[in-house]
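# Structure assessment
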Amino acid sequence: MIKMVDSGTMELQIYHHLAECPDLYEAHNFPCVLPPTTIINSPDRISFVAMPMWGSSLCIPEFDRIQQVLTFIRCTLTGLAYLHDHRIAHRDIHETNILVNFYSYDEDPECFDQRLREHNQGPAARYAIFDFDLSLQLPRQTSLKDCRRPSEEGFTGNSTYRPCDVYQGESYYNPFAFDVGCLGNLFVYHFVEAIPAVPSLALLFAKMTTHRIDDRWTASEALAFVQDMEVELPSAVKQSCVTLKIDLDALDDPELYWSRLSPELQIAWQRHRVPPVSWNTRVLRWLITFEIGYAVVSSVRRFLHA
């Protein structure tokens, strides 16, 4: 695949940076970020970026084993943690920007789908984050916890999994925490049905998507949790079947997935539960749905540095 990228853009800068990372080209411990295979500059202010031939037909609802769910979660968190370690905020986390390491020239859709399902069920399946046209790379010394960028940037990209970080008229937001919230919402959307088999997923979802941004895990913290969780899970659980069902309502109501836990775990993990949204926050979110409301709230917050 060859992509044309405008010269002098942040996107091209990121591709050049990734091209200089040797660990992205190693099969062993691949960090799940798709790098360019080559970059060709031209005199016409356009560069040609050649990308590996990975598959784009990612159908998460067809996952039917717990191990497939865990592999997808681990790979995408690995990729996001790697990007953040290089201070790259992706800012457009969505299924369309995640690829699987499978490609086939077979033109028969049924044959292709069958081969893809078999690949996803096997141990060789890997998933990688790509497409950096909306991404931002900041200086290496930038804090992942305390980074602040203009909140207007939070309205770029696909809105499906966008967290509420910029829905209260804030002047600034943290793009790294925003990425984690987006990926966490993607997990919630697809994997609520896996919680009865792997209760720790509810805790992971809560810590990735909490509206208390200071309490939200970084991508590296979430990845470490998943790695420990996988080690402790019995093989029988990993190989058990699951029927996934998308759950849009759970994005707005964490209680819908938290209720999948046993009463004992709900009590034991109470301190990790996503707290209810306060009434004043709900009012702010309602106000900014109106153009004049957003203008007033954002202006007041900017004046008050709130």
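Residues numbered from 1 in each chain as written. Predicted model: local features only at pLDDT ≥ 70, side-chain atom pairs only at ≥ 80, totals over all residues. Heavy atoms only, no water.

## Here's the deal with the overall build of the chain
Filter applied, for reference: Helix numbers and strand numbers start at the N terminus; a helix is a DSSP run of H or I with at least 4 residues, a strand a run of E with at least 2. C-alpha atoms define the radius of gyration in this analysis, and the globule rule sets the expected value at 2.2 Å times the number of residues to the power 0.38. All accessible areas in this document rest on Shrake-Rupley with a 1.4 Å probe, and a residue is counted as covered only by the protein chains that are shown. Charged-residue counts in this description rest on Lys and Arg as positive and Asp and Glu as negative, His and the chain ends being excluded. To locate a charge, the coordinates of NZ of Lys, CZ of Arg, CG of Asp or CD of Glu are taken.
Looking only at helices and strands, one finds 12 helices and nine strands in the chain. Expected size for 306 residues packed as a compact globule is a radius of gyration near 19 Å; at 20 Å, the chain falls within 12% of this value. Surface accessibility of the chain: about 15,300 Å² in total, with carbon and sulfur atoms responsible for 55%. Within the chain, one finds 26 positive and 39 negative side-chain charges whose respective centroids are separated by 7 Å.

## Structural notes on empty space enclosed by the protein
Using the following cut-off: Residues are called lining when one of their atoms sits within 4 Å of a cavity or pocket point, these points coming from a 1 Å grid over the protein atoms alone, where a cavity is a set in which a 1.4 Å probe fits but cannot get out and a pocket is an open set with protein on both sides within 12 Å along at least five of seven lines. Grid points are joined across faces, edges and corners, and a volume is the space filled by probe spheres set on the points. Throughout, the ten residues Ala, Val, Leu, Ile, Met, Phe, Trp, Tyr, Cys and Pro are labelled nonpolar, Asp, Glu, Lys and Arg are labelled charged, and all others, Gly among them, are labelled polar.
Counted by the stated rule, this structure contains one cavity of 30 Å³ or more. Roughly 90 Å³ of internal volume is contained in the largest cavity. If you trace the largest cavity, you find 13 residues lining it, with Leu144, Lys145, Asn174, Ala177 and Thr218 closest to the centre. Ranked by residues supplied to the lining of the largest cavity, first place goes to helix H4 (residues 175-191) with three residues. Residue composition of the lining of the largest cavity, by class: seven nonpolar, three polar and three charged.

## Some thoughts on the layout of surface pockets
Rolled over the atoms, a probe as big as a water molecule pinpoints where empty space is left. Taken as a whole, the largest pocket holds about 590 Å³ of empty space. In terms of lining, the largest pocket is formed by 26 residues, of which the most central are Cys164, Leu251, Asp252, Pro254 and Arg285. Elements represented by at least two residues in the lining of the largest pocket include exactly H4, helix H8 (249-252), helix H9 (255-258) and helix H11 (279-287). If you tally residues by element for the lining of the largest pocket, the top one is H8, at three residues. Taken together, the residues that form the lining of the largest pocket break down as 13 nonpolar, five polar and eight charged. When its volume is computed, the second largest pocket comes out at roughly 440 Å³. Mapped onto the lining of the second largest pocket, the elements with two or more residues apiece are strand E9 (172-173) and H11. Its residues assigned to classes, the lining of the second largest pocket comprises five nonpolar, five polar and eight charged.

## A word on the environment of Leu256
What counts here: Residue contacts are counted whenever heavy atoms from the two residues lie within 4.5 Å of one another.
Position of Leu256 among the secondary structure elements: in helix H9. With 105 residues separating them along the chain, Leu256 and Ser151 place their C-alpha atoms 29 Å apart. Residues contacting Leu256, with those up to four places away along its chain left out, are Asp249 and Ala250.

## A closer look at the sheet that holds strand E1 (residues 2-6)
Here is the rule: Two strands pair if DSSP finds at least two bridges between them. Fitted lines through C-alpha atoms give the axes, limited to the stretch in contact for helices. The angle between two N-to-C directions lies from 0 to 180 degrees.
Across the sheet, which stays open at both edges, the three strands sit in the order E1-E3-E2 with antiparallel pairing between neighbours. Every interior strand has two partners, whereas the edge strands, E1 and strand E2 (38-41), have only one. Here the strands of the sheet are splayed against their neighbours by 25° on average, with no regard to which way each runs. Relative to strand E3 (residues 46-50), E1 runs antiparallel, the two being bridged by five bridges. Directly across from Asp6, in E3, lies its bridge partner Ile46. Packing of helix H1 (residues 10-19) onto the sheet brings it into contact with E1, E2 and E3, and relative to E1 it is tilted by some 125°.

## Thoughts on the pattern of salt bridges
For clarity, the cut-off: When a carboxyl oxygen of Asp or Glu is within 4 Å of a side-chain nitrogen of Lys or Arg, the pair counts as a salt bridge. Buried, partly exposed and exposed residues are distinguished by accessible area as a fraction of the type maximum, computed with a 1.4 Å probe on protein chains only: under 20%, between the cut-offs, and over 50%, respectively.
Under the defined criterion, the tally for this structure stands at 11 salt bridges. With a closest N to O distance of 3.9 Å, Asp64 and Arg65 form a salt bridge. Classification of Arg65 by relative accessible area gives partly exposed; the value is 30%. If you follow the salt bridges from partner to partner, you end up with Lys3, Glu11 and Asp131 in one network.

## Describing the packing of aromatic side chains
Counted only if it meets this: Note on aromatic contacts: the rings of Phe and Tyr and the six-membered ring of Trp form a pair at centre separations within 6.5 Å, being stacked when their planes are under 30 degrees apart, edge-to-face when over 60 apart, and tilted otherwise.
Counting across every chain of the model gives 15 aromatic pairs. Consider the rings of Phe63 and Tyr127, whose centres lie 6.0 Å apart with planes at 50°: the pair is tilted. On the criterion of sequence distance, the pair formed by Phe63 in the loop between E3 and helix H2 (66-85) and Tyr127 in strand E6 (residues 127-129) is long-range, its members being 64 residues apart. Across the pair, exposure class does not vary: Phe63 and Tyr127 are buried alike. Taken together, the ring pairs in this structure connect Phe63, Phe72, Tyr127, Phe187 and Phe191 into an aromatic cluster.

Remember that the coordinates give geometry; whether it matters functionally is a separate question.
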